[in-house]
Amino acid sequence: MRKWRRREWLKALGGTILTGGAYKVRSTQQKRHLPNLLFVLTDDQAKWAVGAYGNPDIFTPNMDKLASEGMRFNFAMTCPVCSPSRGMILSGLYPHQIGLDDYIADEDEGIDPKVPLLSEILKRAGYITALFGKWHLGHKRPEYHPNRRGFDVFVGALGGGFANKDPKLEVNGKVQQFSGFAIEVLTEHALQFMRQNRDRPFALFFHTREPHMPYLPVPEEAMKPYEGKKLKVPKVEGVTEERMQEEYRAYYSAITAVDIALGKLLDELEALGIADDTIVVFMGDNGYMIGQHGLETKGNAWRIVPQGGTVIGTRILGDPKLRRPNMFDLSIMVPLIIRWRGVIPENSVCDELVISTDLMPTFVDILRECGCDVPSNFRFEGQSLLPILKGEKVPWRDAAFLLYDMHHGAVAHMRMVRTKEWKLVLHLEEGGKHELYDLRNDPEEERNLYGDPSVKAVQEELTERLKAWQREVKDPLAG
């Protein structure tokens, strides 16, 4: 069992050369120590759907405990749909730079094989790597497979989803039928992986299908906290209170199922004696809405229609007029919590504008601090969070930029700049209606001020900054 202190590997320069084309270690004086990584990524969990972010209705004791032991990020943003968002996290680049503009459906597409991924960098640094759950970064061509993209172990689904119960999951290239709830099946595989690799550095990516639609079924234990409980839900014209209560109970139950799984993973780290040597990241892949703005889901949302239309549950298919492409904060803001004992101050909060592209350079910096001679020619659009994690005051961005090109369900080309006070969204699709929100006075983004003479100066300044950013990142739609 590894027994070392965090300050040792934060200062360590290492003493060996890793095999298999791995990164060299900078010194021959000391043995290098690497922290484990447990990265839990949920599917469609909004920032507002965590107790630690101020929701009194939802039961997330393990997520909340993690926040009390680490750092909670209040302004963590990512692409408002899953495939581009997941690609941003693993690459440190924007969607158009990695070949992903919308979520992957049945097209013969995936994340650019030439783009280095976090899993590949960790593997070359000496980690054994595993992904349990959802991939959704390419499934038709072999070069997109997780086992070809830095993951030694893959148990899950290549596409966008799988059954909540009795799922068919791939195990390193072979599809198998499993019995039981998917979340429990994957949790057991993850626990086994931890036990088998307790004496070596591991990077475990636990990417759940929950709380993605359909929210149910989930284990009964996850539903119990909401039995007979009246929840706070939005009022949507023409939609019954009963329907909204039912949806929220189901959505919250799916999140509680994840919380239970998270608790088991965290408990196992303690039981194995490696919790102090493990960085834990908890994050959502994109935001979510159930009734807010009269919408359902995320950046490719559809309008909740009480009657009519082609409906599966509450999902409306086929009519782009019923879609509402958006970059509301509800769609782009995600929960992000990081625990790193002995490094991150407990119960700390980060109010900086953080983007999912910041995670990749953060872990590259950590590897370098541990002595890995990681090449310096990697290109990232994000900034390393390492100084912030250590509690240091460092210059940070005063504006965050995102883009999303939607082509499933409707066509939209959105470009966004957000400060803490303002948000501008340019809709570059034909007939698109631009948006400008005063976030300080209108945090719910209910009053579009674009074109209002009273905010002309702000509008012009943000437009100029957004267009300059488009040119900087070589956006194909840059003017």
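Worth saying up front: this structure is predicted, and the values here are computed from it rather than measured. (Residues numbered from 1 in each chain as written. Predicted model: local features only at pLDDT ≥ 70, side-chain atom pairs only at ≥ 80, totals over all residues. Heavy atoms only, no water.)

Draft legend 1. View of the layout of surface pockets. By volume, the largest pocket amounts to about 830 Å³. Taken together, 29 residues make up the lining of the largest pocket; nearest its centre are Trp48, Pro234, Gln292, Leu330 and Glu444. Listing elements by their share of the lining of the largest pocket, those giving two or more residues are α8 (241-271) and α9 (329-332). Residues belonging to the lining of the largest pocket are distributed by class as follows: 13 nonpolar, 7 polar and 9 charged. (1 Å grid on protein atoms, 1.4 Å probe; cavity = no way out; pocket = protein on both sides within 12 Å on 5 of 7 lines; lining within 4 Å. Points joined across faces, edges and corners; volume = space filled by probe spheres on them. Helix = DSSP H or I, 4+ residues; strand = E, 2+ residues; numbered from the N terminus. Nonpolar A, V, L, I, M, F, W, Y, C, P; charged D, E, K, R; others polar.)

Draft legend 2. Looking closely at the packing of helix α6 (residues 182-196) against α8. At a closest axis distance of 10 Å, the pairing of α6 and α8 adopts a crossing angle of 15°. Here α6 is positioned roughly parallel relative to α8, judged by the angle of their axes. Judged by the sense of rotation from one axis to the other, the crossing of α6 with α8 is right-handed. Listed contacts from α8 to Ile183, Thr187, Ala190, Leu191, Met194 and Arg195 of α6 are Ala257, Val258, Ala261, Lys264, Leu265, Glu268 and Leu269. (Axes fitted to C-alpha atoms, helices over the stretch in contact; angles between N-to-C directions. Parallel < 35°, antiparallel > 145°, perpendicular 65-115°, else oblique. Left-handed = near helix turned anticlockwise from the far one by under 90°. Contact = heavy atoms within 4.5 Å.)

Draft legend 3. Molecular detail of the packing of helix α2 (residues 61-69) against α8. With their axes 7 Å apart at the nearest point, α2 and α8 run at an angle of 55° to one another. Comparing the axis directions of α2 and α8 gives the class oblique. Residues Pro61, Asn62, Met63 and Leu66 of α2 touch α8, and the partners they reach there are Ile255, Val258, Asp259, Ile260, Leu262, Gly263 and Leu266. Its residues assigned to classes, the contact of α2 with α8 shows 8 nonpolar, 2 polar and 1 charged.

Draft legend 4. Summary view of the side chain of Ser253. With respect to the helices, strands and loops of the structure, Ser253 is situated in helix α8. Among residues more than four places away in sequence, those in contact with Ser253 are Leu216, Val218, Ala222, Met223 and Tyr226.

Draft legend 5. The pattern of salt bridges, seen in detail. Enumeration according to the criterion identifies 29 salt bridges in this entry. In this structure, the salt-bridge partner of Glu268 is Arg195, at a minimum N-O distance of 3.0 Å. Of this pair, Glu268 sits in helix α8 while Arg195 sits in helix α6; the two residues are 73 residues apart in sequence, bridging distant segments of the chain. The exposure class assigned to Arg195 is partly exposed, which follows from its relative accessible area of 38%. (Salt bridge = Lys/Arg side-chain N within 4 Å of Asp/Glu carboxyl O. Buried < 20%, exposed > 50% of the residue type's maximum accessible area, 1.4 Å probe, protein only.)

Draft legend 6. Seen up close, the packing of aromatic side chains. Taken as a whole, this structure holds 18 aromatic pairs when the rule is applied. Aromatic pair Tyr94 and Trp469: ring centres 5.1 Å apart, planes at 85°, arrangement edge-to-face. A residue pair is termed long-range when its members are at least 10 positions apart, and Tyr94 in the loop between α3 (82-91) and α4 (95-98) and Trp469 in helix α12 (residues 456-472) qualify at 375 residues. A single burial state applies to Tyr94 and to Trp469, both of which are buried. With centroids separated by 5.3 Å and ring planes inclined at 10°, the aromatic side chains of Phe401 and Trp469 adopt a geometry described as stacked. Of this pair, Phe401 sits in strand β19 (residues 400-406) while Trp469 sits in helix α12, placing them 68 residues apart in sequence. Taken as a pair, Phe401 and Trp469 share a single burial class, namely buried. Taken together, the ring pairs connect Trp48, Tyr215, Tyr226, Tyr248, Tyr251, Tyr252 and Tyr288 into an aromatic cluster. Over the aromatic face of Phe75 sits the side chain of Lys47, whose NZ or CZ is 5.6 Å from the ring centroid. (Phe/Tyr/Trp six-rings, centres within 6.5 Å; stacked < 30°, edge-to-face > 60°. Lys NZ or Arg CZ within 6 Å of the ring centre and 35° of its normal.)

Draft legend 7. Quick look at empty space enclosed by the protein. Scanning the model with the defined rule gives 3 cavities of 30 Å³ or more in all. Approximately 80 Å³ is the volume attributed to the largest cavity. When residues of the lining of the largest cavity are traced back to their parent elements, those giving at least two are α6 and α8. In terms of residue count, α8 provides more of the lining of the largest cavity than any other element does, 4 residues in total. Along the lines of polarity and charge, the residues of the lining of the largest cavity split into 5 nonpolar, 1 polar and 3 charged. There is about 50 Å³ of room inside the second largest cavity. As for the second largest cavity, its lining consists of Pro35, Asn36, Leu37, Leu122, Tyr127, Ile279, Phe363, Ile366 and Leu367. Looking at the lining of the second largest cavity, the elements that each hand over two or more residues are β1 (36-42) and α10 (359-369). Looking at which element gives the most residues to the lining of the second largest cavity, the answer is α10, with 3 residues. Along the lines of polarity and charge, the residues of the lining of the second largest cavity split into 8 nonpolar, 1 polar and no charged.

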